[in-house]
Amino acid sequence: MAVQADLSKGLDKAYENKSVKEILDAPPSALAGLTEAHDAVLKEKFGIDTVRKLGSNKHFALAGVLVALENKQG
């Protein structure tokens, strides 16, 4: 089953037409709002140098789960 999603608002213009693999292998600055300066800090402080590592980092992943849980509370 093919899945389509418009990620253009969340990506830097240079990555809007890239494959998911290319985006995941790109530096975090491939995401809209992040710069090469952010890349440097993320690499220095957390060892994160790709979007894949950013998304799978245990601290960032836990923060995302907590936000999702908060939004589900009634």
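Predicted model, so just to flag it, every value in this text is computed and none were measured.

Trainee: An account of the side chain of T50 is requested, with residue identities and associated values reported.
Mentor: Within the secondary structure, T50 sits in the loop between α2 (36–46) and α3 (51–56). Setting aside anything within four residues of it in sequence, one finds T50 in contact with L24, D25, A26, P27 and P28.

Trainee: Residue-level account of a nonpolar patch on the surface, with values.
Mentor: There is a patch of nonpolar side chains on the surface, built from L62, V65, L66 and L69 and spanning about 380 Å² of accessible area. On the secondary structure map, L69 appears in helix α4 (residues 58–72).

Trainee: Any details on the side chain of S29? Residues and values, ideally.
Mentor: Structurally, S29 is set in the loop between α1 (20–24) and α2. With a relative accessible area of 12%, S29 lands in the buried category. Polar contacts involving the side chain of S29 include one to the side chain of D39, which spans 2.7 Å. The contacts of S29, once residues within four sequence positions are left out, are D12, L34, T35, E36 and D39.

Trainee: Go over α4 with me, naming the residues and quoting the values.
Mentor: An α-helical segment advances 3.6 residues per turn. Residues three or four places apart therefore align on the same side. The terminal C-alpha atoms of α4, which comprises 15 residues, lie 21 Å apart, in line with the 21 Å expected from a rise of 1.5 Å per residue. You can read the cap of α4 off the contacts: a side-chain oxygen lies 2.8 Å from the backbone nitrogen of H59, and it is on N57.

Trainee: Which residues make up α2, and what are the values?
Mentor: Its side-chain oxygen placed 3.2 Å from the backbone nitrogen of A37, T35 serves as the N-cap of α2. Once α2 finishes, G47 follows within two positions and takes phi at roughly 70 degrees, a positive value.

What counts, and at which threshold
Residues numbered from 1 in each chain as written. Predicted model: local features only at pLDDT ≥ 70, side-chain atom pairs only at ≥ 80, totals over all residues. Heavy atoms only, no water. Helix = DSSP H or I, 4+ residues; strand = E, 2+ residues; numbered from the N terminus. Contact = heavy atoms within 4.5 Å. Patch = residues over 30% accessible without salt bridge, like charges linked within 9 Å, V, L, I, M, F, W, Y side chains within 5 Å. Areas by Shrake-Rupley, 256 points an atom, 1.4 Å probe, with all protein chains shown as cover. Salt bridge = Lys/Arg side-chain N within 4 Å of Asp/Glu carboxyl O. Buried < 20%, exposed > 50% of the residue type's maximum accessible area, 1.4 Å probe, protein only. Polar contact = N/O pair within 3.5 Å; in protein donor to acceptor, adjacent residues only side chain to side chain. Expected span 1.5 Å × (residues − 1).

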